[in-house]
Amino acid sequence: MSSRTLPLLFINLGGEMLYILDQRLRAQNIPADKAKKVMNDIITTMFNKKFLEELFKPQELYSKKALRTVFDRLAHASIMRLNQASMDKLYDLMTMAFKYQVLLCPRAKDILLVSFNHMDAIKDFVKDTPSVLSQVDETYRQLIEMYTPLSSGEFQLIRQTLLIFFQDMHIRVSIFLKDKVQNSNGRFVLPISGPVPHGTHIPGLIRMFSCNGEEVKRLQFRNGGNYTSVLREGSFEMFGERVIKLGTNMYSVSRPVETHMSGTSKNSATERTISPNPLAKEELNMLARLMGGMEVQKPGNADSGFRVNLFATDEEEEEALISRPDEFSYDVIKIQATKNQQANAELAKIMGDFTEEAGEPCSSSANSKGDDLLAMMDGL
């Protein structure tokens, strides 16, 4: 397991979340000023300095429930609200999209190019807001500094860590089903055609060498696919062409997106059936610090806030919530940390820094917000 995986997981899932929300805000004809505020608020929170300091520390991946809690908090960092069923669908779409991208990466190192595609799109969302754009640029520099020096083996370990995280997720997505890249059981179809990875050759030739290093024989075989020559390598700089299209916005062409639960056995690895994690306490303490910079805004009046529905109708949303299998449910994690005065003080300080950065005056409400955050969570 790689301790460098969490930032890439968070940024790519966050990028997919922003793609989906942008599409839904447009589909529901949300006024442009409100839609822009939602995107700016979420990205501001996502790239908060204190938040990223915790995120970039070497650490193991969080559990699925802990990560879901982070994104639940992030999605509600503005005036937009999502019902439980819509939040479930949003998270399903995010995770399955990134799982597909990780599976299809020609090389393990290309996960970084997928991340840069997401980062490029995020920059475009806030191109008219210099203060937020500077936060995104700083994260870009951190990504380049941390990941570009890594070896192919280290990237392969990151890829394996991500695939282990996603291995029990087999949720069917309408876009993938229609494009025939996903089977009816929720498993993806890997292509046997297209360009080969950078630095490799089209399979089909075996060369044999003598002990002196001289080629003595060649054998050809059918590779069973329709491969083409390698494309040029994408740019790993802040500005440049990525070449690879994985991680770009697949919702740019408007079409309905539905998710369906695929059947799972009772032996599936779910959060309810596994034994308690001995590192759970440390994970939750870290999660509390990580979420300290995430402030959920409460609309000041009935007209300022609005709800986004990821389903076609409210009836479909209600039906999805009722029919969702238990193994795909994500209970809200609660961290029982209110008795820890030191943790509360640290959390209040982080939230105070965040509100100061956002241009809001610090007040005693920071402590109550910190208590609300900790009271919201109660242990795995």
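Not measured: the values here are computed from a predicted model.

What counts, and where the lines are drawn
- Residues numbered from 1 in each chain as written.
- Predicted model: local features only at pLDDT ≥ 70, side-chain atom pairs only at ≥ 80, totals over all residues.
- Heavy atoms only, no water.
- Axes fitted to C-alpha atoms, helices over the stretch in contact; angles between N-to-C directions.
- Helix = DSSP H or I, 4+ residues; strand = E, 2+ residues; numbered from the N terminus.
- Parallel < 35°, antiparallel > 145°, perpendicular 65-115°, else oblique.
- Left-handed = near helix turned anticlockwise from the far one by under 90°.
- Contact = heavy atoms within 4.5 Å.
- Nonpolar A, V, L, I, M, F, W, Y, C, P; charged D, E, K, R; others polar.
- Phe/Tyr/Trp six-rings, centres within 6.5 Å; stacked < 30°, edge-to-face > 60°.
- Buried < 20%, exposed > 50% of the residue type's maximum accessible area, 1.4 Å probe, protein only.
- Salt bridge = Lys/Arg side-chain N within 4 Å of Asp/Glu carboxyl O.
- Core = buried A, V, L, I, M, F, W, Y, C linked by side-chain atoms within 4.5 Å.
- Expected span 1.5 Å × (residues − 1).
- Patch = residues over 30% accessible without salt bridge, like charges linked within 9 Å, V, L, I, M, F, W, Y side chains within 5 Å.
- Areas by Shrake-Rupley, 256 points an atom, 1.4 Å probe, with all protein chains shown as cover.
- 1 Å grid on protein atoms, 1.4 Å probe; cavity = no way out; pocket = protein on both sides within 12 Å on 5 of 7 lines; lining within 4 Å.
- Points joined across faces, edges and corners; volume = space filled by probe spheres on them.
- pLDDT = per-residue confidence, 0-100.

Chemist: Looking at this structure, I do not really get the packing of helix α5 (residues 84–104) against helix α8 (residues 152–166). What am I missing?
Modeler: In a packed pair of helices, the relevant descriptors are the angle between the two axes and the axis-to-axis distance. Axis separation between α5 and α8 bottoms out at 10 Å; the angle between their running directions is 140°. With respect to α8, the element α5 is oriented oblique. In this structure, α5 crosses over α8, and the sense of that crossing is left-handed. Counting all contacts with α5, which are made through Tyr91, Thr95, Phe98, Lys99, Val102 and Leu103, the residues of α8 involved are Arg159, Leu162, Leu163, Phe165 and Phe166. Of the residues belonging to the contact of α5 with α8, the class tally is eight nonpolar, one polar and two charged.

Chemist: Just checking my understanding: could you explain the packing of aromatic side chains for this structure?
Modeler: Aromatic ring pairs are reported here in terms of the distance separating the ring centres and the angle at which the planes meet. Inspection of the entire model under this criterion finds nine aromatic pairs. Relative to Tyr91, the ring of Phe71 has its centre 6.4 Å away and its plane inclined at 50°; by these criteria the two rings are tilted. With a gap of 20 residues between them, Phe71 in helix α4 (residues 64–75) and Tyr91 in helix α5 connect regions that are remote in the sequence. Residue Phe71 is classed as buried on the basis of its relative accessible area of 0%.

Chemist: What exactly am I supposed to notice about the packing of helix α1 (residues 6–27) against α4 here?
Modeler: At a closest axis distance of 12 Å, the pairing of α1 and α4 adopts a crossing angle of 45°. Classified by the angle their axes make, α1 and α4 are oblique. Once α1 is placed against α4, the crossing between them reads as right-handed. Contacts between α1 and α4 pair Leu6, Leu9, Phe10, Leu13, Gly14 and Met17 from the former with Leu67, Val70, Phe71, Leu74 and Ala75 from the latter. Broken down by class, the residue content of the contact of α1 with α4 amounts to ten nonpolar, one polar and no charged.

Chemist: How should I be thinking about the pattern of salt bridges in this particular structure?
Modeler: This structure, assessed with the given rule, holds 14 salt bridges. Arg68 is the partner of Asp72 in a salt bridge, and the nearest nitrogen-oxygen pair spans 3.7 Å. With Asp72 and Arg68 both in helix α4 and four residues apart, the pair spans about one turn of that helix. With a shortest N-O distance of 3.0 Å, Asp137 and Lys123 are connected by a salt bridge. Placement of Asp137 in helix α7 (residues 130–147) and of Lys123 in helix α6 (residues 110–125) is noted, with a sequence separation of 14 residues between them. With respect to class, Asp137 is no different from Lys123; both count as buried. One salt-bridge network, in which partners are shared between bridges, spans Arg68, Asp72 and Asp88.

Chemist: Teacher, can you tell me more about the nonpolar core here?
Modeler: One recurring pattern in soluble globular proteins: nonpolar side chains tend to sit buried together. Core analysis: the biggest nonpolar cluster contains 84 residues, and Leu9, Phe10, Met17, Phe71, Leu90 and Phe176 have the highest contact counts within it. It is α1 that provides the largest number of residues to this core, a total of twelve residues. Setting aside chain neighbours within four positions, we find Leu9 in contact with Leu61, Leu67, Phe98, Leu162, Phe165 and Phe166.

Chemist: What exactly am I supposed to notice about helix α2 (residues 32–46) here?
Modeler: Each full turn of the α-helix corresponds to 3.6 residues, which orients residues three or four apart in the same direction. In a regular helix each residue adds 1.5 Å, so 15 residues correspond to 21 Å; α2 covers 21 Å between its end C-alpha atoms and thus fits that length. Those residues of α2 lying buried are Ala35, Val38, Met39, Asn40, Asp41, Ile42, Ile43, Thr44, Thr45 and Met46.

Chemist: Which parts of the structure should I look at to understand the environment of Asp120?
Modeler: Tracing the chain through its elements places Asp120 in helix α6. Judged by relative accessible area, Asp120 falls into the partly exposed class, the value being 26%. C-alpha of Asp120 to C-alpha of Arg242: the two residues are 122 residues apart in sequence and 9.8 Å apart in space. Sequence-distant contacts of Asp120, that is, excluding residues within four places in its chain, are made with Tyr140, Met238 and Arg242.

Chemist: Explain a nonpolar patch on the surface here, please?
Modeler: A contiguous nonpolar surface patch, about 410 Å² in accessible area, is contributed by Ile206, Met208, Val216, Leu219 and Phe221. For Ile206, a relative accessible area of 39% translates into the label partly exposed.

Chemist: Please explain empty space enclosed by the protein as it appears in this structure.
Modeler: One simple way to see leftover space: roll a probe sized like a water molecule over the atoms. The tally for this structure, following the rule as stated, stands at one cavity of 30 Å³ or more. Quantified by volume, the largest cavity comes out at close to 40 Å³. Around the largest cavity, the lining residues are Ser3, Arg4, Pro7, Leu55, Phe56, Lys57, Pro58 and Met146. Partitioning the lining of the largest cavity into residue classes produces five nonpolar, one polar and two charged.

Chemist: Would you explain the layout of surface pockets in this entry?
Modeler: Here the second largest pocket is characterised by a volume of approximately 630 Å³. Taken together, 26 residues make up the lining of the second largest pocket; nearest its centre are Leu104, Cys105, Pro106, Pro195 and Val196. Those elements that provide at least two residues to the lining of the second largest pocket are α5, α6 and β3 (193–195). Each residue belonging to the lining of the second largest pocket can be placed in one class, and the counts come to 16 nonpolar, four polar and six charged.

Chemist: I keep staring at the confidence of the model for the chain and nothing clicks. Help me out?
Modeler: Parts of the prediction with low pLDDT should not have their coordinates interpreted in detail. Of all residues in the chain, 68% attain a pLDDT of 70 or more, and the chain-wide mean is 78. Low pLDDT, under 50, characterises residues 263–278; the predicted model gives this stretch eleven contacts beyond four residues in sequence or across chains. Below pLDDT 50 for its whole length, residues 331–341 participates in 35 contacts with residues either more than four positions away or in separate chains.

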